[in-house]
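# Structural characterization, general
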Amino acid sequence: MSGSRRGDHPPGGGLHSATAHDPGPVAARRAPENSPVRTCVGCRTRSQADDLLRVVAEHGALVPDPRRRFPGRGAWLHPDPECLHRAERRSAFPRALRVPGPLDTTAVRAHLAGAGAVTGARDTPGSVIEESKVDPS
Ligand SMILES: [Zn+2]
């Protein structure tokens, strides 16, 4: 009598409440007190250093320093071609880095082209030449 356990399948009621406690949305992502604030030499906007690319001058050329390991004076720039363009036009790099003459920004430009393509800055007016011409067939 009543020796049969009904544990063939687990009572499917407790699963819901067991996993209901999610880690939650990413709310503690930003830690402004941990990261210093720098000023972009291109648009002169203050941003967290985490959002900016550090660049240094080396042998007359501008070198990206994403890991911030190069010694000496550095300038900070948004990883945005627009900011690079602005900084070039006002020759902000030689001024910020205290070096004479213009700097070759090829390396930084290449860096932005390689890494900055995902920034999703699609709303930037003026440079919207790229239209995707992929036909969905
Ligand atoms: Zn900027």
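The residue numbering used here restarts from 1 in each chain and proceeds along that chain's sequence as written. Reporting of local features is limited, given that this is a predicted model, to residues whose pLDDT is at least 70; pairs of side-chain atoms are given and counted only at 80 or more, and all residues count toward the totals for whole chains, interfaces and linings.

## Describing the overall build of the protein chain
In this text, helices come from DSSP runs of H or I with a minimum length of four residues, and strands from runs of E with a minimum of two, each type numbered from the N-terminal end. Counting secondary structure elements, the protein chain contains four helices and five strands. Partitioning the contacts of the protein chain with sequence separation of at least 6, the portion at a separation of at least 24 is 57%. This entry defines residue contacts through backbone-placed C-beta atoms, with two residues in contact when those atoms are within 7 Å.

## Observations regarding the confidence of the model for the protein chain
The pLDDT value tells you how sure the predictor is about a given residue, anywhere from 0 up to 100. The predicted model of the protein chain averages 78 in pLDDT, with 58% of residues at 70 or higher. Across residues 119-129, confidence stays below pLDDT 50; counting only partners more than four residues off in sequence or on other chains, it has four contacts.

## Some points on the pairing of strand β4 (residues 61-64)
Buried means a residue has 20 or more other C-beta atoms within 10 Å of its own C-beta, exposed means 12 or fewer, and partly exposed covers the counts in between; C-beta atoms are placed from the backbone. In β4, alternate side chains face the same way, and those of Leu62 and Pro64 are buried while those of Ala61 and Val63 on the opposite face are not. Paired strands are those between which DSSP finds at least two bridges. As paired strands, strand β3 (residues 53-58) and β4 are joined by four bridges and run antiparallel to one another. Across the sheet, the residue bridging to Glu58 is Ala61, located in β4. The antiparallel hairpin formed by β3 and β4 contains two residues in its connecting segment, where His59 sits at a positive phi of about 55°.

## Focus: the environment of Cys40
With respect to the element layout, Cys40 can be found in the loop between β1 (37-39) and β2 (46-48). For the pair Cys40 and Ala87, spaced 47 residues apart in sequence, the C-alpha separation works out to 8.7 Å. Ignoring any residue separated from it by four or fewer positions in sequence, one finds Cys40 in contact with Thr45, Ser47, Leu52, Trp76, Leu77, His78 and Cys83.

## Some words on the nonpolar core
Ranked by size, the top nonpolar core spans 18 residues in total, and within it Val41, Val55 and Leu77 carry the most contacts. Contributing elements (two or more residues each) for this core: β3, β5 (74-77), α2 (81-89) and α4 (106-115). In terms of residue count, β3 provides more of this core than any other element does, four residues in total. Ignoring sequence-local partners within four residues, the contact set of Val41 consists of Ala75, Trp76, Leu77, Ala87, Ala92, Phe93 and Ala96. Nonpolar cores are identified as sets of buried Ala, Val, Leu, Ile, Met, Phe, Trp, Tyr and Cys residues joined via C-beta atoms within 7 Å.

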